[in-house]
2 protein chains.
Amino acid sequence: MAASEEPGTVRPGGRTARVRAAVLRAAGDALAEHGMDRLDLADVARRAEVGKTTVYRRWGSVPALVTDLLEDMAEQSLPRVETGSLLEDLTANARLVRDTLTDPRQGALFRAVIAAATCDDRTARALHRFYATRIGEWAPCVETAVERGEVPPGTDAHEVIRAVSAPLYYRALMSGDPLDGDSAARAARAAFEAARAGVYVRS
Amino acid sequence: MAASEEPGTVRPGGRTARVRAAVLRAAGDALAEHGMDRLDLADVARRAEVGKTTVYRRWGSVPALVTDLLEDMAEQSLPRVETGSLLEDLTANARLVRDTLTDPRQGALFRAVIAAATCDDRTARALHRFYATRIGEWAPCVETAVERGEVPPGTDAHEVIRAVSAPLYYRALMSGDPLDGDSAARAARAAFEAARAGVYVRS
DNA sequence: CCACTAACGGGTCTGTAGTTCCGTTAGTAT
DNA sequence: ATACTAACGGAACTACAGACCCGTTAGTGG
């Protein structure tokens, strides 16, 4: 008998699922309040009204819990817009990213996850998958823009989408400059102009 | 007598300075090896060949130590180049940032500091000051480019420099995409083209 | 509906990060 | 050169995150 599978895999039904949901929610709350270094699994258990043992058994470490939280977030995909203009699409994306980073709960959560990824390889991989998914969802709007002739053929769609997010994350995490409405518009315009100039054409 | 000043302020001479240097060096080594969450002040003390008590007394917490380390790094300013062309200057800057983030020691250190800043306000402020200084050092090359007529008048020099770094940090910390030579060149070109198109003109 | 056992949960134990105490070393002022 | 005391350092102490044990609850398959 293979026996010791991960707990929660054999009976993923009612209680197990409820516990997972409650713990992830509590972990999100705790992360948003104090950073990820002050995250105490016993505290998460208390908030989730769940036995401390359960949290240690199912997740074991802070990075593991954060990773699971992230994978849960990745599943809740937001619908992507598709206007007729690349600049408008990119601006919509920039606004979405800006709103996420500015939101007290979501923003703190992203900061915490990114911090956790610098310490733990599994979390880092989960984070990379998360962004790969998100970027992949938005890439088509660049591809249709190529077809419309808005940007040169051969433009790397993923690179354009990354270029929109990058300055916003840079402000949020590194430079600390305000993330106002202008930042989002400027990030979108910068990516748009660079793409039009052929900077992102694959060599 | 005001008495209890911070230790190290009254006699900053020989021994105190030596201890500070040894501890900061050891902290850098430890940060580069395992992430900042696995940073143990006792371990730092051991590496620095210094009493554990001293480390706890002078810094007390991981974020405080990281902050001091960062302020120490900020003082060691690298000379900035100034070719006759904005694109070349920006490319030089991009290469510098890329090399820093790719270097095993420096890269790990920056990741750790950024992670620490998400948990601790003092560290965050120190990090923001650090980037403000670095960006301020490079801003003049944009200003001379404005005078030469390479980019429109009213262009926000700081914003251009930030735009060069942002995609590189984004790759290093969030998306996990490789930081190859092309990335640096592309980051510089993107910032350059956006600036030329007037995206960074102050409104 | 019942049996079987996966998964939970309270209580207790342990390793270690961080604190405190007090004697020692070495900057600094005269 | 000497005195004064800031700052260091070893050792013993404390508190708490995380591991473990074992009895209880509730999904799941017949």
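Scoring rules and cut-offs
- For every chain, the first residue of the written sequence is number 1, and numbering continues from 1 along that sequence.
- Each chain is given a letter, starting from A, and each ligand a number, starting from 1, according to the order in which they appear as written.
- With pLDDT at 70 or above as the cut-off, local features in this predicted model cover only qualifying residues; side-chain atom pairs require 80 or more to be listed or tallied, and sums for whole chains, interfaces and linings still use all residues.
- Calculated side-chain values reflect all of the structure's heavy atoms, with hydrogen atoms and water omitted.
- A residue counts toward the fit only if its pLDDT is at least 70 in both copies, and the copies are then superposed by least squares on the C-alpha atoms of those residues.
- Between two residues, a contact is recorded if the distance between any of their heavy atoms is within 4.5 Å.
- The convention used is that axes are lines fitted to C-alpha atoms, helices contributing only their stretch in contact, and that angles between N-to-C directions extend from 0 to 180 degrees.
- Each helix is a run of DSSP H or I of at least 4 residues and each strand a run of E of at least 2, with the numbering of both proceeding from the N terminus.
- Angles below 35 degrees are treated as roughly parallel, those above 145 as roughly antiparallel, those between 65 and 115 as roughly perpendicular, and all remaining angles as oblique.
- Classification convention: Asp, Glu, Lys, Arg as charged; Ala, Val, Leu, Ile, Met, Phe, Trp, Tyr, Cys, Pro as nonpolar; all other residues, Gly among them, as polar.
- What makes a residue near a molecule or strand is one non-hydrogen atom of that residue sitting within 4 Å of it.
- Within 3.5 Å is the distance limit for a polar contact, defined as a pair of N or O atoms, with the added protein rule that one can donate a hydrogen and the other accept it, and that residues adjacent in sequence qualify only through two side-chain atoms.
- Categorising residues by exposure relies on relative accessible area from a 1.4 Å probe, with only protein chains included: less than 20% of the type maximum marks a residue as buried, more than 50% marks it as exposed, and the intermediate range marks it as partly exposed.
- Each of two parts loses accessible area, computed with a 1.4 Å probe, when they are put together; buried area is these two losses added.
- Put simply, a salt bridge is a Lys or Arg side-chain nitrogen that is within 4 Å of an Asp or Glu carboxyl oxygen.
- The score called pLDDT rates the predictor's confidence residue by residue, from a low of 0 to a high of 100.
- As defined here, a cavity is a set of points on a 1 Å grid over the protein atoms alone where a 1.4 Å probe fits but cannot get out. A pocket is an open set with protein on both sides within 12 Å along at least five of seven lines, and residues line them when an atom is within 4 Å of a point.
- Grid points are joined across faces, edges and corners, and a volume is the space filled by probe spheres set on the points.
- We call a set of buried residues a nonpolar core when its members are Ala, Val, Leu, Ile, Met, Phe, Trp, Tyr or Cys and they connect through side-chain atoms within 4.5 Å of each other.
- Each domain span listed reflects an automatic or database assignment of domains.

**Description of the relation of the copies chain B and chain A**
If you rotate chain B by 179 degrees and push it 0.0 Å along the axis, it lands on chain A with an RMSD of 0.1 Å. Each copy turns onto its partner about a two-fold axis. Using C-alpha coordinates, one finds that chain B approaches the rotation axis most closely at Ala115 of chain B, a distance of 2.1 Å. Looking at the interface residues of chain B, 100% of them are also at the interface in chain A, so both copies use one shared face.

**Concerning the packing of helix α4 (residues 62–75) of chain B against helix α7 (residues 121–148) of chain B**
Residues and elements named next belong to chain B. Contact geometry for α4 and α7: axes closest at 9 Å, N-to-C directions at 10 degrees. With respect to their mutual orientation, α4 and α7 come out roughly parallel. Residues Pro63, Val66, Thr67, Leu70, Glu71, Met73 and Ala74 of α4 touch α7, and the partners they reach there are Arg122, Thr123, Ala126, Leu127, Arg129, Phe130 and Arg134. Looking at the contact of α4 with α7 residue by residue, the class counts come to 8 nonpolar, 2 polar and 4 charged.

**Section: the protein's contact with DNA strand D**
What surrounds DNA strand D is a group of 24 residues, the closest being Arg11 and Gly13 of chain A together with Arg11, Gly51 and Thr53 of chain B. Sugar plus phosphate: this is where 57% of the atoms of DNA strand D within 4 Å of the protein reside. Between DNA strand D and Arg18 of chain A there is a distance of 3.2 Å, counted from a phosphate oxygen to a side-chain nitrogen or oxygen. Between a base nitrogen of DNA strand D and a side-chain N or O atom of Thr53 of chain A, the distance comes to 3.4 Å. Broken down by secondary-structure element, the contributors of at least two residues to the surface near DNA strand D are α1 (14–33) and α3 (52–58) of chain A together with α1 (14–33) and α3 (52–58) of chain B. Ranked by residues supplied to the surface near DNA strand D, first place goes to α3 of chain B with 4 residues. Residues that form the surface near DNA strand D fall into these classes: 6 nonpolar, 9 polar and 9 charged.

**What to know about the environment of Thr67 of chain A**
Residue and element names in this part refer to chain A. Relative to the helices and strands, Thr67 is located in helix α4 (residues 62–75). In sequence terms Thr67 and Tyr131 are 64 residues apart; their C-alpha atoms lie 13 Å from each other. Every residue in contact with Thr67, bar those within four places of it in the chain, is listed here: Arg122, Thr123 and Ala126.

**Quick look at the environment of Leu70 of chain B**
All names here are of chain B. On the secondary structure map, Leu70 appears in helix α4. Residue Leu70 is classed as buried on the basis of its relative accessible area of 2%. For the pair Leu70 and Thr123, spaced 53 residues apart in sequence, the C-alpha to C-alpha distance is 8.5 Å. In contact with Leu70, not counting residues within four places along its chain, are Val113, Thr123, Ala126, Leu127 and Phe130.

**Describing the interface of chain B and chain A**
Between chain B and chain A, the residue contacts involve 35 residues of the former and 36 residues of the latter. Interface area, chain B with chain A, both sides summed: about 3,300 Å², of which 65% is carbon and sulfur. Counting the surface chain B buries against chain A, the share from its top three residues, Tyr170, Met174 and Val199 of chain B, is 21%. Linking chain B with chain A are 6 salt bridges. Here Arg162 of chain A and Asp177 of chain B are joined by a salt bridge, their closest N and O atoms 2.9 Å apart.

**Topic: the confidence of the model for chain A**
Confidence along chain A averages 91 in pLDDT terms, with 98% of residues attaining 70 or more. The spread of mean pLDDT over the elements of chain A runs between α4 of chain A, the lowest at 87, and helix α8 (residues 157–175) of chain A, the highest at 98.

**A few points about empty space enclosed by the protein**
Over the atoms a probe the size of a water molecule is rolled, and this reveals where empty space is left. As enumerated under the stated definition, the model contains 2 cavities of 30 Å³ or more in all. Here the largest cavity defines a volume of roughly 230 Å³. Considering the residues around the largest cavity, the lining is formed by 21 residues, among which Ala163, Pro167 and Ala190 of chain A together with Ala163 and Tyr200 of chain B are closest to the centre. Ranked by residues supplied to the lining of the largest cavity, first place goes to helix α9 (residues 181–196) of chain A with 6 residues. Grouping the amino acids of the lining of the largest cavity by side-chain chemistry returns 16 nonpolar, 1 polar and 4 charged. Roughly 110 Å³ of internal volume is contained in the second largest cavity. In terms of lining residues, the second largest cavity is bounded by Glu159, Arg162, Ala163, Ala166 and Tyr200 of chain A together with Pro167, Tyr170, Arg171, Ser183, Arg186, Ala187 and Ala190 of chain B.

**Some details on the nonpolar core**
Tyr131 and Tyr169 of chain A together with Tyr131 and Tyr169 of chain B are the most contacted members of the largest nonpolar core, which has 140 residues in total. Beyond its immediate chain neighbours, meaning those up to four positions away, Tyr169 of chain A contacts Val97, Leu101, Phe110, Ile114, Tyr131 and Met174 of chain A together with Tyr170 and Met174 of chain B.

**Section: the protein's contact with DNA strand C**
Close contacts around DNA strand C come from 25 residues, with Arg11, Gly51, Thr53 and Arg57 of chain A together with Arg11 of chain B the closest. Here the atoms of DNA strand C within 4 Å of the protein split so that 55% fall in sugar or phosphate, with bases taking the remainder. At 3.4 Å from a base nitrogen of DNA strand C is found a side-chain nitrogen or oxygen belonging to Arg15 of chain A. Within the side chain of Arg58 of chain A, a nitrogen or oxygen atom sits 2.9 Å from a phosphate oxygen of DNA strand C. Breaking the surface near DNA strand C down by element, the ones donating at least two residues are α1 and α3 of chain A together with α1 and α3 of chain B. Broken down by element, the residue count for the surface near DNA strand C peaks at 5 residues, all from α3 of chain A. For the surface near DNA strand C, the class distribution of residues is 6 nonpolar, 9 polar and 10 charged.

**Structural notes on the domain arrangement of chain A**
Residue and element names in this part refer to chain A. By domain assignment, chain A separates into domain 1 (15–61) and domain 2 (77–196). Summarising the inter-unit geometry, the C-alpha centres of domain 1 and domain 2 are found 29 Å apart. Between domain 1 and domain 2, the contact holds 6 residues from the first and 7 residues from the second. If you sort the residues of domain 1 by the area they bury against domain 2, Leu31, Ala32 and Met36 come out on top, with a joint share of 75%. Taken together, domain 1 and domain 2 are joined by 1 salt bridge. A salt bridge links Asp29 to Arg105; its shortest N-O distance comes to 2.2 Å. Our count for the domain 1 to domain 2 interface comes out at 1 residue pair in polar contact (both at pLDDT 80 or more).

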